[in-house]
Amino acid sequence: AQKVTQAQTEISVVEKEDVTLDCVYETRDTTYYLFWYKQPPSGELVFLIRRNSFDEQNEISGRYSWNFQKSTSSFNFTITASQVVDSAVYFCALSVLNGANNLFFGTGTRLTVIP
Amino acid sequence: GAGVSQSPRYKVAKRGQDVALRCDPISGHVSLFWYQQALGQGPEFLTYFQNEAQLDKSGLPSDRFFAERPEGSVSTLKIQRTQQEDSAVYLCASSLGGQANTDTQYFGPGTRLTVL
């Protein structure tokens, strides 16, 4: 069975602080894909990143960076120099190559950036 | 280009009414998914189409839920005899290829259903 855990329910930071959102996943499949989505108040899930299980290189995109560690089954997301527009609910998700035809989502982390 | 669109954005139904929720996927996308998102939770899978074929409906909670995609483009999720526990946001997503479990899914804004 597949499972994604986002232990942080809510986080508040002051603008310009760095913040890391944690994601821990469980799967017995050796080939899988990990995703992060952002859900602003408008409700639409916005795709941020997709990584496969064979690529453990960390990735940086502007103020966003992702740390994938298979040894700890984690795929953490860091926002550097946070901005008010980063306020949203962030979801980590998992899909597996051999199995269900869908994404498995965590329960999300609500990030509030205080000006 | 245009993203995934859904209509209506908000729907209020009295218990026992039937509702129909529409999804327009990104043009050319083969795969289409429906998810249900309860308040404060992550989306949960309902059903999956590859073109017009419904390949997976394992997440539909009861036989009151029915989805179709007759021409392989627009999809409709129908809920018959709505119950209060059906209140949720219904999200539609599409992906380009037929590899449902590996392609990136792009989501619409959702339909918020409230059953009174």
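Here the structure is a predicted model, which is why all the values come from computation and not from measurement. (Residues numbered from 1 in each chain as written. Chains lettered and ligands numbered in written order. Predicted model: local features only at pLDDT ≥ 70, side-chain atom pairs only at ≥ 80, totals over all residues. Heavy atoms only, no water.)

Engineer: Sorry, what's going on with the interface of chain B and chain A here?
Structural biologist: You'll often see interface size given as the accessible area lost when the parts meet. Contact with chain B, which involves 23 residues of that partner, is made by 23 residues of chain A. Of the roughly 1,700 Å² buried between chain B and chain A on both sides combined, carbon and sulfur atoms contribute 52%. When residues of chain B are sorted by the area they lose upon contact with chain A, Asn 101, Thr 102 and Phe 107 of chain B head the list and together hold 34% of the total. Between the two partners, chain B and chain A, sit 0 salt bridges. Applying the counting criterion to the chain B and chain A interface returns 4 residue pairs in polar contact (both at pLDDT 80 or more). At the level of secondary structure, the elements contributing two or more residues to the side of chain B that touches chain A comprise β4 (31-37), β5 (44-50) and β10 (106-107) of chain B. Of the residues forming the side of chain B that touches chain A, the biggest block, 3 residues, is contributed by β4 of chain B. Of the residues in the side of chain B that touches chain A, the class split is 10 nonpolar, 10 polar and 3 charged. (Contact = heavy atoms within 4.5 Å. Buried area = accessible area lost by both parts, 1.4 Å probe. Salt bridge = Lys/Arg side-chain N within 4 Å of Asp/Glu carboxyl O. Polar contact = N/O pair within 3.5 Å; in protein donor to acceptor, adjacent residues only side chain to side chain. Helix = DSSP H or I, 4+ residues; strand = E, 2+ residues; numbered from the N terminus. Nonpolar A, V, L, I, M, F, W, Y, C, P; charged D, E, K, R; others polar.)

Engineer: How do you make sense of the sheet that holds strand β7 (residues 65-68) of chain B when you look at a structure like this?
Structural biologist: Whether parallel or antiparallel, the strands of a sheet pair through hydrogen bonds between backbone atoms. Residues and elements named next belong to chain B. Across the sheet, 4 strands lie side by side as β1-β3-β8-β7; this open sheet has antiparallel pairing. Of all the strands in the sheet, just β1 (5-7) and β7 have a single pairing partner and so form its edges. Pairwise comparison of adjacent strand axes, ignoring direction, gives a mean angle of 15 degrees for this sheet. Relative to strand β8 (residues 75-79), strand β3 (residues 19-24) runs antiparallel, the two being bridged by 5 bridges. (Pairing = 2+ DSSP bridges. Axes fitted to C-alpha atoms, helices over the stretch in contact; angles between N-to-C directions.)

Engineer: Is there a simple way to think about the state of the cysteines in this case?
Structural biologist: Where two cysteines share a covalent bond between their sulfur atoms, that bond is called a disulfide. Residue and element names in this part refer to chain A. Using the criterion set out here, one finds 2 disulfides over all chains in the structure. Sulfur-sulfur distance for the disulfide between Cys 23 and Cys 92 comes to 2.0 Å. Handedness here is read from the sign of the S-S torsion; for Cys 23 and Cys 92, about -65 degrees, the answer is left-handed. Remark: Cys 92 occurs in strand β10 (residues 88-96) and Cys 23 occurs in the loop between β3 (19-21) and β4 (24-26); sequence separation between them is 69 residues. For Cys 92, a relative accessible area of 0% gives the class buried. (Disulfide = S-S within 2.5 Å. Buried < 20%, exposed > 50% of the residue type's maximum accessible area, 1.4 Å probe, protein only.)

Engineer: How should I be thinking about the pairing of β10 of chain A in this particular structure?
Structural biologist: Regular strands show a simple pattern: their side chains alternate between the two faces of the sheet. Residues and elements named next belong to chain A. For β10, the buried fraction is high: 9 of the 9 residues fall into the buried class. Burial of the side chains of β10 extends over both faces: Ala 88, Tyr 90, Cys 92, Leu 94 and Val 96 are buried on one face and Val 89, Phe 91, Ala 93 and Ser 95 on the other. Relative to β10, strand β5 (residues 32-39) is paired through 8 bridges, and the arrangement is antiparallel. Bridge pairing in β10 links Lys 38 to Tyr 90. Sheet analysis places β10 next to strand β11 (residues 104-105), joined by 2 bridges and oriented antiparallel. Across the sheet, residue Ala 93 finds its bridge partner in β11, namely Phe 105.

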